[in-house]
Amino acid sequence: MATWFNKQSRLVQILLLLIPFVNWIVEICVRWSAFLKTKSILTLITAIIVTFGGLFVGWLDMIWCLLFKHMILAKA
């Protein structure tokens, strides 16, 4: 899912992260797939944080995507 998200155009990425409920679902999918791929403790912590408080992190990721075209700690 992280690879799919990073392949999308920047406009699609921003739109997915702008809409609140969609933002949370996309964050959960991307974060847990990034954890399953890397098995890093840092990606596990971010996946858990996003699962319970993803709205705020999603908006930070939206700004990060504007600058770098990928989510924080989810570069595939």
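Presented here is a report on the structure given in the accompanying data block. (Residues numbered from 1 in each chain as written. Predicted model: local features only at pLDDT ≥ 70, side-chain atom pairs only at ≥ 80, totals over all residues. Heavy atoms only, no water.)

### Some points on the nonpolar core
1) Next: Listed in full, the 12 residues of the largest apolar core are Ala2, Phe5, Ile14, Leu16, Leu17, Val26, Val30, Ala34, Met62, Cys65, Met71 and Ala74.
2) Next: For this core, the secondary-structure elements that each account for two or more residues are α1 (2–7), α2 (10–18), α3 (20–38) and α4 (41–68).
3) Next: Met62 has contacts with Ile14, Leu17 and Leu18, leaving out every residue within four places of it along the chain. (Core = buried A, V, L, I, M, F, W, Y, C linked by side-chain atoms within 4.5 Å. Buried < 20%, exposed > 50% of the residue type's maximum accessible area, 1.4 Å probe, protein only. Helix = DSSP H or I, 4+ residues; strand = E, 2+ residues; numbered from the N terminus. Contact = heavy atoms within 4.5 Å.)

### So, α3
1) Next: Counted at 1.5 Å a residue, the expected span for α3 with its 19 residues is 27 Å, and the 27 Å between its end C-alpha atoms agrees.
2) Next: Three or more residues of α3 are buried, namely Asn23, Val26, Glu27, Ile28, Val30, Arg31, Ser33, Ala34 and Phe35.
3) Next: Where α3 is buried, its residues touch α1, α2 and α4.
4) Next: Just downstream of α3 lies Lys39, where phi reads positive at about 55°. (Expected span 1.5 Å × (residues − 1).)

### Some thoughts on the side chain of Arg31
1) Next: With respect to the helices and strands, the residue Arg31 is situated in helix α3.
2) Next: Separated by 2.2 Å, the side chain of Arg31 and the backbone oxygen of Ile72 make a polar contact.
3) Next: Setting aside anything within four residues of it in sequence, one finds Arg31 in contact with Thr46, Ala47, Val50, Val57, Asp61, Met71, Ile72, Leu73 and Ala74. (Polar contact = N/O pair within 3.5 Å; in protein donor to acceptor, adjacent residues only side chain to side chain.)

### A few points about the pattern of salt bridges
1) Next: This model, assessed by the stated rule, comprises 2 salt bridges.
2) Next: One salt bridge connects Glu27 with Arg31, and the closest N-O pair in it is separated by 3.3 Å. With a gap of 4 residues between them, Glu27 and Arg31 both fall in helix α3, about one helical turn apart. Of the two residues, Glu27 and Arg31, both sit in the buried class.
3) Next: Relative accessible area serves as the criterion here: at 3%, Arg31 is assigned to the buried category.
4) Next: Sharing partners across several salt bridges, the network here consists of Glu27, Arg31 and Asp61. (Salt bridge = Lys/Arg side-chain N within 4 Å of Asp/Glu carboxyl O.)

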